[in-house]
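Survey of secondary and tertiary structure
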Amino acid sequence: MRHLIRNTFAPALALACLSLSAFAADGEKIGTVDTAFKLIGRDHDIIVEAYDDPEVNGVTCYVSRARIGGVKGTLGLAEDRAEASLSCHQVGAISFPQPLKPQDEVFSERMSILFKRLRVVRMVDAKRNALVYLTYSDKLIDGSPQNSVSAVPVAHGTVIPVKK
């Protein structure tokens, strides 16, 4: 029985880890501001990071989020708050190398050592020819309803290709 569990559970666990990391993206750090001094370890802070949309050329999303400092935060053991703000902008000519899914997770970053992630989802608003980005955090069991949304209008002459 132990052999059967190990042979079925291990590949499933490996596949789950790979699928979670497939969307992981390290943002480019723009800057931080301290919010509380900690004697040992880094201070509590707010970090601002830029994420280029991997499937839309010319769009960058800026995400700000709180990070816990102290010893636990410095070691990566603290669970950051489920609070983030999002602002997405056209930073160059918008183009689409391939058709987009109507809704797709484009960025994901770990907010605790286990099970909590900050996620950014892109939605296509075909009627208004815009890209809508939503950020939220989730946990394995219980997520947070706190969220932020931003929209990037696409020029009327440019059609957003959508997978059907």
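Structure's up top.
Residues numbered from 1 in each chain as written. Predicted model: local features only at pLDDT ≥ 70, side-chain atom pairs only at ≥ 80, totals over all residues. Heavy atoms only, no water.

Quick notes on a nonpolar patch on the surface
Residues Ile30, Tyr62 and Val91 make up a contiguous nonpolar surface patch of about 260 Å² in total accessible area. With respect to the element layout, Val91 can be found in strand β4 (residues 84–95). (Patch = residues over 30% accessible without salt bridge, like charges linked within 9 Å, V, L, I, M, F, W, Y side chains within 5 Å. Areas by Shrake-Rupley, 256 points an atom, 1.4 Å probe, with all protein chains shown as cover. Salt bridge = Lys/Arg side-chain N within 4 Å of Asp/Glu carboxyl O. Helix = DSSP H or I, 4+ residues; strand = E, 2+ residues; numbered from the N terminus.)

Quick look at the sheet that holds strand β2 (residues 44–52)
Pairing in this open sheet of four strands is antiparallel, and the strands run β1-β2-β3-β4 from one edge to the other. The open sheet terminates on both sides in strands that have one partner only, identified here as β1 (28–36) and β4. Each strand of the sheet is rotated relative to its neighbour by a mean of 15°, with strand direction disregarded. (Pairing = 2+ DSSP bridges. Axes fitted to C-alpha atoms, helices over the stretch in contact; angles between N-to-C directions.)

Observations regarding the side chain of Glu49
Examined against the element boundaries, Glu49 turns out to sit in strand β2. Classification of Glu49 by relative accessible area gives buried; the value is 7%. At 2.9 Å, the side chain of Glu49 and the side chain of Tyr51 are in polar contact. Excluding its chain neighbours within four sequence positions, the residues that come into contact with Glu49 are Gly27, Glu28, Lys29, Ile30, Cys61, Tyr62, Val63, Arg65 and Glu109. (Buried < 20%, exposed > 50% of the residue type's maximum accessible area, 1.4 Å probe, protein only. Polar contact = N/O pair within 3.5 Å; in protein donor to acceptor, adjacent residues only side chain to side chain. Contact = heavy atoms within 4.5 Å.)

A word on the state of the cysteines
Counted by the stated rule, this structure contains one disulfide. Here Cys61 connects covalently by a disulfide to Cys88, the sulfurs 2.1 Å from one another. Handedness of the Cys61-Cys88 disulfide follows from its S-S torsion of about 110°: it is right-handed. One end of the pair, Cys61, is in strand β3 (residues 57–67); the other, Cys88, is in strand β4, and 27 residues separate them in sequence. Comparing Cys61 with Cys88 shows no difference in burial state: the two are buried. (Disulfide = S-S within 2.5 Å.)

Overview of unusual backbone geometry
A positive phi angle, close to 50°, is found at Asn129, a residue other than glycine. Structurally, Asn129 can be placed in the loop between β6 (117–125) and β7 (130–138). Its relative accessible area of 11% is what places Asn129 among the buried residues.

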